[in-house]
Amino acid sequence: MNGFGAHGLDEDAFGEKRSLTAGLKTFDAFPKTKPSYISPTRRGGQWTVVILIICTILTISELRAWLRGTENQHFSVEKGVSRELQLNLDIVVRMECNDLRVNVQDAAGDRILAGEMLRKEPTSWQLWMDKVNREIAAGVHEYQTLNEEDTRRLLAQEEDVHVRHVLGEVRRNPRRKFPRGPALRRGDAVDSCRIYGSLEGNKVQGDFHITARGHGYQDLGAHLDHKAFNFSHMITELSFGPHYPSLLNPLDKTISTTDTHYYKYQYFLNIVPTIYSKGNPGVVDKYVTATAATDLTTMKKKPKNTIFTNQYSATSQSHPIPENPYNVPGIFFKYNIEPILLIVSEERGSFLALLVRLVNVISGVLVTGGWLFQLSGWAVEVLNRRRGRGRKSEGVLNGRSGLEDDE
């Protein structure tokens, strides 16, 4: 009638065209936000600021944890056939150098004349004690006697078993030389001997000992008078493997004194081969497996940020002994090699895993914040209703109106 039909026009031509997008709109499963949720409020702004602060703090915490990495310890049976073990010693004994004998006797039956391989330096006991007292007063080192425990020293030892601290100390102190001793002053009594240096021995159970001339072994020298014995000693360093003087071992910087001439010190050490590595421990493990025929401490091409060394635990026993030919006074270090390998590695997760954690943290905070915002709004609304009911109404519905009073 209106002429639209003649032109082929109908209502469907003016409606929304049926297409793929129109079909997807009917398939939309996401809920739409109510208009009341997008209206700005003061309380909503406060909640938004709080949620942003929480998200920022958690994001920074995740980034710091990712950059710092996690430290893991892996134990395995030591691979390959090890042959040699380096011993590093720096000790001061309160006896003259000519009266001391230093030897190593291991389970293989070999006897090593360590006195010929290590350096001996005549010195003064009081001179070293003054040096120790100065360093203790300055807080440089933590010296202690074996019959007491120092909390600060234990904390320092605890730091030296973490990868980041070990690698940092080695980088800051690349020199592996033994430090010079204090110079003798005029009037100092030369009554002590400093024995220091490194020596190679068999990587088997052994006994490293310091005895007096003419005691313990057949010696061409004269038999030393027992009144000259004084095995009071100060251990500056005792370590196994490559020499890292900045790392603190259990017997480093320990002092033991005695007034008894015929006295015996015994130290029992359990040595554990250890690898400190920053990175993937699988790389280190594959490298160790590929080079299992060689000694870990003598590898030339090693992975970066990796240190091959040894840890040890120590127990001590000291007591006076009867003066007879069957008892030998001195300082004895009995060590045993544990058949395990400890790999202490600092690992860092992938960047993709970090992004997943950040998305989970931020989304979790947003969802939780939305729930708390709604619950707090509901609680405020209920509280306002209860307050409104408790108030006394002053309108015309309560009692008579003012017009009735005028009549």
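Located above this text is the structure these notes cover.
This write-up is about the structure you can find in this document. (Residues numbered from 1 in each chain as written. Predicted model: local features only at pLDDT ≥ 70, side-chain atom pairs only at ≥ 80, totals over all residues. Heavy atoms only, no water.)

**A few points about the overall build of the chain**
Operational definition: By the criteria applied, helices consist of DSSP H or I runs no shorter than four residues and strands consist of E runs no shorter than two, each listed in order from the N terminus. Partly exposed residues are those whose accessible area sits between 20% and 50% of the maximum for their type, while under 20% is buried and over 50% is exposed, using a 1.4 Å probe and protein chains only. Note on contacts: a residue pair qualifies if any of its non-hydrogen atoms lie within 4.5 Å across the two residues. In short, Shrake-Rupley with a 1.4 Å probe defines the accessible areas, and a residue's cover is counted only from the protein chains shown.
A tally of regular secondary structure across the chain gives 10 helices and 14 strands. By residue count, 35% of the 407 residues in the chain fall in the buried class. By sequence separation, contacts in the chain at least 24 residues apart represent 84% of the contacts at least 6 residues apart. Carbon and sulfur atoms provide 56% of the accessible area of the chain, an area that totals close to 26,100 Å².

**Describing the pattern of salt bridges**
It is possible for side chains of opposite charge to pair when their charged atoms get near one another. Filter applied, for reference: Salt bridge criterion: a side-chain nitrogen from Lys or Arg within 4 Å of a carboxyl oxygen from Asp or Glu.
Considering all chains together, one arrives at 7 salt bridges under this definition. Asp207 is the salt-bridge partner of Lys334, the closest N and O atoms lying 3.1 Å from each other. Linking Lys334 in strand β13 (residues 330–337) with Asp207 in strand β8 (residues 206–212), this pair joins segments that are 127 residues apart in sequence. Ionic pairing is found between Arg385 and Glu381, a salt bridge with its closest N-O pair at 2.8 Å.

**Considerations on the nonpolar core**
Across soluble globular proteins, nonpolar side chains show a tendency to be buried alongside one another. Formally: Grouping buried Ala, Val, Leu, Ile, Met, Phe, Trp, Tyr and Cys residues that are joined through side-chain atoms within 4.5 Å yields what is termed a nonpolar core.
Counting residues in hydrophobic clusters, the biggest one holds 38 residues, and the most contacted among them are Ile195, Phe208, Ile210, Phe231, Leu238 and Ile331. Mapped onto this core, the elements with two or more residues apiece are β2 (84–93), β3 (100–106), β7 (192–202), β8, β9 (233–240), β11 (263–278) and β13. Filtering out sequence-adjacent residues up to four positions away, Phe231 remains in contact with Val93, Met95, Leu100, Ile210, Thr211, Ala212, His261, Tyr263, Tyr265, Pro329, Gly330 and Ile331. Formed by 11 residues, the second largest nonpolar core is a distinct cluster that contains Tyr244, Leu247, Tyr276 and Ile307.

**Brief notes about the pairing of β9**
Quick note on the threshold: DSSP calls a pair of strands paired once it identifies at least 2 bridges connecting them.
With respect to burial, β9 is a largely interior element, 8 of its 8 residues being buried. When β2 meets β9, the two strands line up antiparallel, connected through 7 bridges. The partner of Val93 across the bridge, within β9, is His233. Across 3 bridges, β9 lies against strand β10 (residues 254–256) in antiparallel orientation. Each bridged residue has a counterpart across the sheet, and for Met234 the counterpart in β10 is Ile255.

**Notes on the packing of aromatic side chains**
Aromatic ring pairs: the centre-centre distance and the angle between the two ring planes describe each pair. The test is simple: Each aromatic pair joins two rings of Phe, Tyr and Trp (for Trp, the six-membered one) with centres within 6.5 Å, and gets the label stacked for planes under 30 degrees apart, edge-to-face for over 60, and tilted for any other angle. Our definition puts a charge over a ring when NZ of Lys or CZ of Arg is within 6 Å of the ring centre and also within 35 degrees of the ring normal.
Following the criterion strictly, the structure yields 9 aromatic pairs and no others. When the ring of Trp66 is compared with that of Phe351, the centres are 6.0 Å apart and the planes differ by 70°; the resulting orientation is edge-to-face. Note that Trp66 is positioned in helix α3 (residues 42–68) and Phe351 in helix α9 (residues 351–390), a separation of 285 residues in sequence. We classify Trp66 as buried; its relative accessible area is 16%. A centroid spacing of 4.9 Å and a plane angle of 55° characterise the contact between Tyr263 and Tyr265, whose relative ring orientation is tilted. Against the face of Tyr196 rests Arg194, its NZ or CZ located 4.0 Å from the ring centre. Its guanidinium or amino end placed over the ring of Phe332, Lys264 lies 5.0 Å from that ring's centre, counting from NZ or CZ.

**Notes on the side chain of Thr274**
Stated formally: Whenever two N or O atoms come within 3.5 Å, that pair is a polar contact, provided that in protein one can donate a hydrogen and the other can accept it, and provided that, for residues adjacent in sequence, both atoms are side-chain atoms.
Position of Thr274 among the secondary structure elements: in strand β11. Side chain to side chain, Thr274 and Gln311 meet in a polar contact 3.3 Å long. Apart from residues lying up to four places away in sequence, Thr274 is in contact with Ile307, Phe308, Thr309, Asn310, Gln311, Leu341, Leu342 and Val344.

**What about the state of the cysteines?**
Here a disulfide denotes one covalent bond, and it connects the sulfur atoms of two cysteines. Just so we agree on the cut-off: Here, the term disulfide refers to a pair of cysteine sulfur atoms separated by no more than 2.5 Å.
Applying the stated criterion across every chain yields a total of 1 disulfide. In this model, Cys97 is linked to Cys193 through a disulfide, with the two sulfur atoms separated by 2.1 Å. Disulfide Cys97-Cys193: the torsion about the S-S bond is 105°, which places it as right-handed. Of this pair, Cys97 sits in the loop between β2 and β3 while Cys193 sits in strand β7; the two residues are 96 residues apart in sequence, bridging distant segments of the chain. For the pair formed by Cys97 and Cys193, the shared burial category is buried.

**Focus: the environment of Ile210**
Note on placement: Ile210 falls in strand β8. Taking the C-alpha atoms as reference, Ile210 lies 6.7 Å from Asn103; in sequence the two are 107 residues apart. Beyond its immediate stretch of four places on either side in the chain, Ile210 contacts Ile91, Val93, Leu100, Arg101, Val102, Ile195, Phe231, Gly330 and Ile331.

**Some points on the environment of Leu354**
If you trace the backbone, Leu354 turns up in helix α9. Remark: the alpha-carbon pair of Leu354 and Trp66, spanning 288 residues in sequence, is separated by 7.2 Å. With near-sequence residues (within four places) excluded, Leu354 lies in contact with Glu62, Leu63 and Trp66.

**Section: the environment of Tyr196**
Inspection of the secondary structure assignment puts Tyr196 in strand β7. Sequence separation between Tyr196 and Pro179 is 17 residues, and the spatial gap between their C-alpha atoms is 9.9 Å. Those residues in contact with Tyr196 that lie beyond four places of it in its chain are Leu89, Asp90, Leu118, Arg119, Glu121 and Phe178.

**Notes on helix α5 (residues 125–138)**
Put simply, the rule reads: Here a helix's expected span is defined as the number of its residues, less one, multiplied by 1.5 Å.
Here α5 spans 20 Å end to end across 14 residues, near enough to the 20 Å set by a 1.5 Å rise per residue. Check the buried side of α5 and you find it contacts β2, β5 (119–123), β7, β9 and β10. The backbone nitrogen of Gln126 lies 3.5 Å from a side-chain oxygen of the residue at the head of α5, namely Ser124.

**Quick word on α3**
A rise of 1.5 Å per residue sets the reference length of α3, with its 27 residues, at 39 Å; its end C-alpha atoms lie 40 Å apart and thus fit the reference within 8%. Positive backbone phi, at 80°, marks Gly69, one or two positions downstream of α3.

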